[in-house]
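Take a look at the letters that make up each chain.
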Amino acid sequence: MSKHSHKKPKPQAANKTRNKQPNQLRIIAGQWRGRKLPIVDAEGLRPTSDRIRETLFNWLAPSINESTCLDLFAGSGALGLECLSRGALSATLIESNTAAAKQLAQNSKVLGALNANIIQENAQHWLQDPSLAKGTVDIVFIDPPFAYGLWDSTFELLAQSELLANNALIYIESPKGKAYKAPQDWENLKKKTAGDVDYALFRYSG
């Protein structure tokens, strides 16, 4: 009996280690389905899980084709690249971390994603660029590093930028129970919890 009790924990411990340290991203569906891409270990980078992405992209399925997407805190590129794989017209991925942005550019090149626009910049600074084309974004992802509390300020800057097209969809990821204040003209369509993460989908009516 004691032999069995010593044998069982070993594979479980190994699995937990692998799950905690994902070093690659898997594209779930579309033209690059099943492709695995390396990701960097950067502070605050927390790739959206496969489970959440599957639900999110089921929500987005009717709206992705030929859409213009914006991933404000791109990190691993899990959301923006998945959009492109599923038929988005273009995706702009904003990432402030140098190593993460370089990896995004490399992964886009490997995929041949000519419609991916990788920009290494602070997302909130980028939103304040007066030259941004208004009313051009159909889907935007807001999944900032959880430690910095950037939700409300990002919402305000996005509203001020006037980037969103009418009926644009806004995806928000946050810690479980985190309170944030979405603009009044954002209608909450969906909301779910997975583990310690809340995620929601809104529609903009401008």
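Above this text sits the structure in question.
Residues numbered from 1 in each chain as written. Predicted model: local features only at pLDDT ≥ 70, side-chain atom pairs only at ≥ 80, totals over all residues. Heavy atoms only, no water.

All right, on to the packing of helix 3 (residues 50-64) against helix 4 (residues 78-85) then. Close contact between helix 3 and helix 4 brings their axes to 11 Å; oriented N to C, the two are set at 45°. Classed by the angle they form, the pair helix 3 and helix 4 counts as oblique. The two elements helix 3 and helix 4 meet at a crossing, and its hand is right-handed. Packed against helix 3, whose contacting residues are Arg 53, Leu 56, Phe 57 and Ile 64, the element helix 4 presents Ala 78, Leu 79, Glu 82 and Cys 83 at the interface. A per-class count over the contact of helix 3 with helix 4 returns six nonpolar, no polar and two charged. (Axes fitted to C-alpha atoms, helices over the stretch in contact; angles between N-to-C directions. Helix = DSSP H or I, 4+ residues; strand = E, 2+ residues; numbered from the N terminus. Parallel < 35°, antiparallel > 145°, perpendicular 65-115°, else oblique. Left-handed = near helix turned anticlockwise from the far one by under 90°. Contact = heavy atoms within 4.5 Å. Nonpolar A, V, L, I, M, F, W, Y, C, P; charged D, E, K, R; others polar.)

It is worth spelling out the pattern of salt bridges at this point. In the structure shown here, the tally under the stated rule is five salt bridges. Put simply, Asp 50 and Arg 53 hold a salt bridge, and the shortest N to O gap is 2.6 Å. Remark: Arg 53 and Asp 50 occur in helix 3; sequence separation between them is three residues, near one turn of the helix. In this structure Asp 50 comes out as partly exposed when scored by relative accessible area, which is 30%. Among the charged side chains, a salt-bridge network with shared partners connects Arg 26, Asp 50, Arg 53, Glu 82 and Arg 86. (Salt bridge = Lys/Arg side-chain N within 4 Å of Asp/Glu carboxyl O. Buried < 20%, exposed > 50% of the residue type's maximum accessible area, 1.4 Å probe, protein only.)

End to end, helix 3 covers just 18 Å across 15 residues, shorter than the expected 21 Å (1.5 Å per residue, more than 12% under). At Asn 58, helix 3 shows its strongest bend, of approximately 40°, with the proline Pro 62 following within four residues. Turning to helix 3, its buried residues are Ile 52, Arg 53, Thr 55, Leu 56, Phe 57, Trp 59, Leu 60 and Ile 64. Where the residues of helix 3 are buried, they touch strand 1 (24-26), helix 4, strand 6 (137-142), strand 7 (164-175), strand 8 (186-194) and strand 9 (197-204). The positive-phi residue at the C-terminal boundary of helix 3 is Glu 66, with phi of around 65°. (Expected span 1.5 Å × (residues − 1). Bend = angle between axes of the 7 residues up to and from the residue.)

Taken in spatial order, the seven strands of this open sheet run 5-4-3-6-7-9-8, and their pairing is mixed. Across the chains shown, the open sheet's two edge strands, defined by having one partner strand only, are strand 5 (116-119) and strand 8. Each strand axis lies, on average, 15° off the axis of its neighbour in the sheet, ignoring direction. For strand 6 and strand 7, the ladder comprises five bridges, and the chain directions are parallel. Within strand 7, the residue paired with Val 140 across the bridge is Ile 170. Helix 3 contacts strand 6, strand 7, strand 8 and strand 9 of the sheet and is inclined by roughly 10° relative to strand 9. Helix 5 (residues 98-111) contacts strand 4 (90-94) and strand 5 of the sheet and is inclined by roughly 165° relative to strand 5. (Pairing = 2+ DSSP bridges.)

Mapped onto the secondary structure, Leu 201 falls in strand 9. Residue classification places Leu 201 among the buried positions, given a relative accessible area of 3%. Separated by ten residues in the primary sequence, Leu 201 and Lys 191 have C-alpha atoms spaced 6.4 Å apart.

Counted under the stated rule, the structure contains eight aromatic pairs. Here Phe 155 and Trp 186 contribute two aromatic rings whose centre-to-centre distance is 5.2 Å and whose plane-to-plane angle is 65°, an arrangement assigned as edge-to-face. Separated by 31 residues along the polypeptide, Phe 155 in helix 7 (residues 151-161) and Trp 186 in strand 8 bring together distant segments of the chain. For Trp 186, a relative accessible area of 7% puts it in the buried group. Their ring planes at 55° and their centres at 6.5 Å tell us that Tyr 171 and Tyr 199 sit as a pair that is tilted. (Phe/Tyr/Trp six-rings, centres within 6.5 Å; stacked < 30°, edge-to-face > 60°.)

Let us look at empty space enclosed by the protein. Under the definition given, this model contains one cavity of 30 Å³ or more. As a volume, the largest cavity reaches approximately 40 Å³. If you go around the largest cavity, the residues you meet are Pro 38, Ile 39, Val 40, Leu 45, Gly 75, Ser 76, Ala 100, Gln 103, Leu 104 and Asn 107. Residues of the lining of the largest cavity, tallied by class, amount to six nonpolar, four polar and no charged. (1 Å grid on protein atoms, 1.4 Å probe; cavity = no way out; pocket = protein on both sides within 12 Å on 5 of 7 lines; lining within 4 Å. Points joined across faces, edges and corners; volume = space filled by probe spheres on them.)

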